[in-house]
Amino acid sequence: MSMKFMIGAFAMSAGLCVNAAYAAEFEFWHPFGGHNGEVVQELVDRFNADHPDITVNAAFKGGYSEVMNGAIAAFRAGKAPGLMVTLARNAPTMLTSGAVVPVHKLMPEAGYDVDWNNFIRPALALFSDEEGPVSLPFNSSTPILWYNVDAFAKAGIEAVPETWDEIEEAARMIRAAGYECGLTSGWPHWVHLDSYSQIHRIEVATNNNGMDGWDTEFTFDKQPGYVNHIKRLKSWVDEGIYTYTGRTGQAAGAAFISEKCGMILESSASYGAIKSGATFEFAAAYMPYEKGTEDPANSVIGGGTLFVLDGQDDETNKAIATFLDYLTQVPQQLYWHKETGYVPSSLKAYEAAKAEGYYDENPHQEVAILQLNRGGDPGPLNRGLRFGYASQIYDVMSEELERVWAGDKEVDAALADSVERSNAIIERFVRSIGQ
Amino acid sequence: MKKRALFHGSPLPYLLVLPQLIILMVFFFWPAGQALFQSMTISDPFGFRVIFVGLDNFRALLSSSEYWSSVRVTLFFTVTATCLSLVSGFFMAVFADRAIRARRTFKLLLIWPYAIAPAVAGILWLFLFHPIFGSIGLFLKAIGVPWNPSLIGNHALIVVILAAAWKQFSYNFVFFLAGLQAIPKSLIEAAAIDGAGPATRVMKIVLPLLSPTTFFLMVMNFVFMFFETFGIIHAVTQGGPGNATNILVYKVYRDGFIGQDLGSSSAQSVLLMIMVMALTVIQFRYVERKVVYA
């Protein structure tokens, strides 16, 4: 008894000593609830078990904006989490904040030699500055076309639509087959502005869509390609073959799962929800492009990315680097990809999944990756879009387009107002970063 | 003649109000001061750069059509929802007061909505009026109304007004009922003997005697509609569609906490504070004159 006790006490004090000497601990704030939250926790638990000297405390903080606001408040109070997930479109706030340790600096300093060419390009480009990647892509997704195979059969659609003209025809046939809506989309601006313009290499804003400078001006109201696309959507809304289901993906997904809509343009990461909800056969295909486009380019990514916040000591930063390195390795990437439906950030993980035949059984999981890597090295107009105060800008754009769908405003006027109001917001952002 | 109570040189009264003063300082004056300062700056969210811009934030707001549309929506929303919940609260109280059987049960049932969080109230009404699976929404579509609150601004506004009015209705009901029960029966009976019908009795006797209650409730309802309806808006419409339900307090949240534009958001809260203060002053100066404190 006393012997046991002594051994125990000895072991404990030895453990304490080890901890005192090397232990590093940091907070990891993320917006993943439900199943994805369990997957993140599992990754963290495995890491903690493998690294007795490091403790990662993962915390589910609510939505992306709760993570952001929580981290900002904590940072101002000097208690910032080491690692946080930020919504891709809010990356500019982080990139210009001066509160971030860039991963291109963190990783080499901790002795990790990262092969950045191994990452999915549209993701990495969005989070890089002149010196290299600032943030580590984590949960990336992209909009793709999900369609109801049974509805296609019922409507007599033989080939999967590839162009917008074919989509129109298919949507009309689905309506004729008795469905309430032919087509809808989640996150309308991500789909109809961001991805549409990237795929067709359209300039939405100056400075190559904001990628080469924060001081941008929007130009999409003067781009015939985009303007015509919106006018066409309006005519579809009036005809009843396109249904507007709100600013997020929730209602769009529900409309698809409940067999109201035969096709949706939605995030590749909605796979999990569709799989668990759909009682029909479904499949996925590329986002449509305009007839006559020779080589449609890559689409834009969405989802979140990992930022390391400044203010930790070197030892902790090293531990964070170790954790990031762990997350980018193939087994973790594969697990994340298969469980959540997000695309793997590393090409090696993609190849590994392909080699083990994962995509033979889950072809829809491959569509997003192929679409993101389509067209080789991205040119100046399809490297992504980056705008300060993006949340407000997308709100403004949504408002203006909602007025168009409701018939309160003409397309040209709405787009012109949208540009004017968005430019004023960008101006405020540029002032806020002292440029 | 005024009554005066004088405490000569004793620190006791100051000590007694100190806790209240501290609470006011910490939770009101300090944040309000911060907001006032921030409203005159443009800053990055992490607080590295704070640029003093004077009244630029206010100028930008007052010259933006979007802000004014938000002001209009807020006033319309507040006035409509307040009237709706006051009137319905009053009539329900009159009926509950006259009910002979199951009076307690009626009262209890009518007080229930007050125990529900605004966000939950919003969700309930959203479900009822949802165009795809809501029972009222489906009914409206069946009788030929092109009902779609997710796209048509006025429809969304109707849903949030109903939700807010319903949520606040119970509060008004309780106060009106208490007020009614405090009216001496003899007054009502005397009027009845003089030949006044039920409607006349309500209009000529009950309403004037309830005017202090009504006034109090009006002020409380205004404040509720201005600030506490945040949960309803957040749960039901998030300010959309278009800008149709973007009431001021929600816009403060959206620009500040989602958009990270702290300067503009603070300027908006300062304006909101001024507006509510002005409204309360107006209510006390002009409406209160019509109040009879029996």
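Computed from a prediction, not measured in an experiment: that's the story for all the values here.

Reading the values: the criteria
- Throughout this description, residue numbers start from 1 for each chain and increase along the sequence as written.
- Here every chain gets a letter starting at A, and every ligand a number starting at 1, in the order they are written.
- Only residues with pLDDT of 70 or above have their local features reported here, since the model is predicted, and side-chain atom pairs are shown and tallied only from 80 upward, although totals for entire chains, interfaces and linings are computed over all residues.
- Working from all heavy atoms in the structure, the side-chain values ignore hydrogens and water.
- Under the scheme applied here, a residue whose accessible area is under 20% of the maximum for its type counts as buried, over 50% as exposed, and between as partly exposed, the area being computed with a 1.4 Å probe on protein chains only.
- By definition, any uninterrupted DSSP run of H or I lasting at least four residues is a helix, any uninterrupted run of E lasting at least two residues is a strand, and each is numbered from the N terminus.
- Whether two strands pair comes down to DSSP finding at least two bridges between them.
- Joining through side-chain atoms within 4.5 Å is the link that ties buried Ala, Val, Leu, Ile, Met, Phe, Trp, Tyr and Cys residues into a set, and such a set is a nonpolar core.
- Any two residues having at least one pair of non-hydrogen atoms within 4.5 Å are treated as being in contact.
- Stacked, edge-to-face and tilted are the three classes for Phe, Tyr and Trp ring pairs, Trp counted by its six-membered ring, which pair at centre distances within 6.5 Å; planes under 30 degrees apart are stacked, over 60 edge-to-face, the rest tilted.
- Only lysine NZ and arginine CZ atoms are considered, and such an atom sits over a ring when it is within 6 Å of the ring centre and within 35 degrees of the ring normal.
- Buried area is calculated as the accessible area (1.4 Å probe) missing from two parts once they are joined, with the contributions of both summed.
- When a carboxyl oxygen of Asp or Glu lies within 4 Å of a side-chain nitrogen of Lys or Arg, that pair is called a salt bridge.
- What qualifies as a polar contact is a pair of N or O atoms within 3.5 Å, subject to a donor-acceptor requirement within protein and to the restriction that residues adjacent in sequence count only when both atoms come from side chains.

Look at any regular strand and the pattern is simple: side chains alternate between the two faces of the sheet. All names here are of chain A. Within strand β10 (residues 261–267), seven of the seven residues are buried, which leaves the element mostly enclosed by the surrounding structure. Pairing of strand β8 (residues 143–148) with β10 involves five bridges; the strand directions are antiparallel. Its bridge partner lying in β10, L145 is registered against L265. Pairing analysis gives four bridges linking strand β9 (residues 181–185) to β10, with the strands arranged parallel. Bridge pairing in β10 links C181 to C261.

For the rest of this paragraph, the subject is the nonpolar core. Counting residues in hydrophobic clusters, the biggest one holds 111 residues, and the most contacted among them are W146, F218, F220, M263, F387 and W405 of chain A. Not counting chain neighbours up to four residues away, the residues in contact with F220 of chain A comprise L193, V204, Y226, V227, M397, L415, S418 and V419 of chain A.

Before going further, it helps to examine helix α18 (residues 363–372) of chain A. The α-helix winds at 3.6 residues per turn, so residues separated by three or four positions along the chain end up facing the same way. For α18 of chain A, the buried fraction is high: eight of the ten residues fall into the buried class. Three or more residues of α18 of chain A are buried, namely H364, Q365, E366, V367, A368, I369, Q371 and L372 of chain A.

Turning our attention to the packing of aromatic side chains. In total, this model carries 45 aromatic pairs over all chains according to the counting rule given. Centre to centre, the rings of F215 of chain B and F284 of chain B are 5.1 Å apart; their planes meet at 85°, and the pair counts as edge-to-face. Taken together, the positions of F215 of chain B in helix α10 (residues 211–228) and F284 of chain B in helix α13 (residues 262–287) put the pair 69 residues apart, joining distant regions of the chain. One aromatic cluster is present, built from ring pairs that chain together F26, F28, F47, F323 and Y326 of chain A. Against the face of Y394 of chain A rests R89 of chain A, its NZ or CZ located 4.2 Å from the ring centre. The ring of Y358 of chain A carries K338 of chain A above its face, with NZ or CZ at 5.2 Å from the centroid.

In this section: the interface of chain B and chain A. Between chain B and chain A, the residue contacts involve 33 residues of the former and 32 residues of the latter. For the pair chain B and chain A, the summed buried surface comes to about 2800 Å²; carbon and sulfur atoms form 52% of the total. Seen at the junction of chain B and chain A, the total is five salt bridges. Close ionic contact of D261 of chain B with R428 of chain A constitutes a salt bridge, the shortest N to O distance being 2.8 Å. In this structure, the connection of chain B to chain A is made through 13 residue pairs in polar contact (both at pLDDT 80 or more). Elements with a minimum of two residues in the side of chain B that touches chain A: β1 (41–43), α2 (56–62), α12 (248–258) and α13 of chain B.

Just geometry here; none of it tells us what the structure is for.
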